[in-house]
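Structural features, examined
Each chain, letter by letter, is given below.
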Amino acid sequence: GAGDAAGARAAAVRAAAVFTQFKSADSQWQALALAGVAARRAGDMEAARDYISRATSALAEYQQILGAEAANYLSRPDVQWLRGELDGSVASATH
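As a starting point, this report considers the structure included with it. (Residues numbered from 1 in each chain as written. Predicted model: local features only at pLDDT ≥ 70, side-chain atom pairs only at ≥ 80, totals over all residues. Heavy atoms only, no water.)

The end-to-end C-alpha separation of helix α3 (residues 45-66) is 31 Å, in line with the 32 Å expected for 22 residues at 1.5 Å each. Considered for burial, the residues of α3 that qualify are Ala 47, Ala 48, Tyr 51, Ile 52, Ala 55, Ala 58, Leu 59 and Tyr 62. Down the axis of α3, the sector holding all buried residues measures 130 degrees, keeping them to one side. Opposite the buried face of α3, by more than 90 degrees, sit the exposed residues Glu 46, Glu 61 and Gln 64. (Helix = DSSP H or I, 4+ residues; strand = E, 2+ residues; numbered from the N terminus. Expected span 1.5 Å × (residues − 1). Buried < 20%, exposed > 50% of the residue type's maximum accessible area, 1.4 Å probe, protein only. Arc of directions from axis to C-beta.)

Turning our eyes to something else, we now look at the nonpolar core. By size, the foremost hydrophobic cluster in this structure holds 22 residues, and its most contacted members are Trp 29, Leu 32, Ala 33, Tyr 51, Tyr 73 and Leu 86. The set of elements that each furnish at least two residues to this core consists of α1 (2-21), α2 (25-41), α3, α4 (70-74) and α5 (77-94). With eight residues, α3 is the largest single contributor of residues to this core. If we ignore the near neighbours within four places in the chain, the residues touching Tyr 73 are Asp 26, Trp 29, Gln 30, Leu 59, Tyr 62, Leu 66 and Val 79. (Core = buried A, V, L, I, M, F, W, Y, C linked by side-chain atoms within 4.5 Å. Contact = heavy atoms within 4.5 Å.)

Turning next to the packing of aromatic side chains. Any pair of aromatic rings gets described here by the distance separating the centres and the angle formed by the planes. In total, this model carries one aromatic pair according to the counting rule given. Ring centres 4.9 Å apart and planes at 80 degrees place the aromatic pair Tyr 62 and Tyr 73 in the edge-to-face group. In this pair, Tyr 62 is assigned in helix α3 and Tyr 73 in helix α4, connecting sequence segments 11 residues apart. Classification of Tyr 62 by relative accessible area gives buried; the value is 15%. (Phe/Tyr/Trp six-rings, centres within 6.5 Å; stacked < 30°, edge-to-face > 60°.)

In this section: the pattern of salt bridges. Overall, the coordinates contain five salt bridges when judged by the stated rule. The salt bridge involving Arg 9 is made with Asp 44; its shortest N-O contact spans 3.1 Å. One end of the pair, Arg 9, is in helix α1; the other, Asp 44, is in the loop between α2 and α3, and 35 residues separate them in sequence. Close ionic contact of Glu 85 with Arg 41 constitutes a salt bridge, the shortest N to O distance being 3.2 Å. One end of the pair, Glu 85, is in helix α5; the other, Arg 41, is in helix α2, with 44 residues separating them in the sequence. According to the relative accessible area criterion, Glu 85 is buried, its value standing at 16%. One continuous salt-bridge network, built from bridges that share partners, spans Arg 40, Arg 41 and Glu 85. (Salt bridge = Lys/Arg side-chain N within 4 Å of Asp/Glu carboxyl O.)

A few words on the environment of Ala 60. Structurally, Ala 60 can be placed in helix α3. A relative accessible area of 38% places Ala 60 in the partly exposed class. For the pair Ala 60 and Ala 25, spaced 35 residues apart in the sequence, the C-alpha separation amounts to 9.7 Å.

Have a look at this one:
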């Protein structure tokens, strides 16, 4: 329910802050994406848009870091799933 989504969102936001501090770009975008998904599920579309925007930016930065390896990274099933959640969140948050 909404309580689960709120707890998940809080945990993901805390994780994103830790990963930002330690410059773990991979984990940072994923934590922000999960915070966006959780915010969407809790009905907080404004926060969802913010987290998703930040996750998209963090992912783009990580792709720059990866360079030629970005295609391999983006083909991972876990990454594809989370990117799909991001796309779904953007669509849901903007309508």
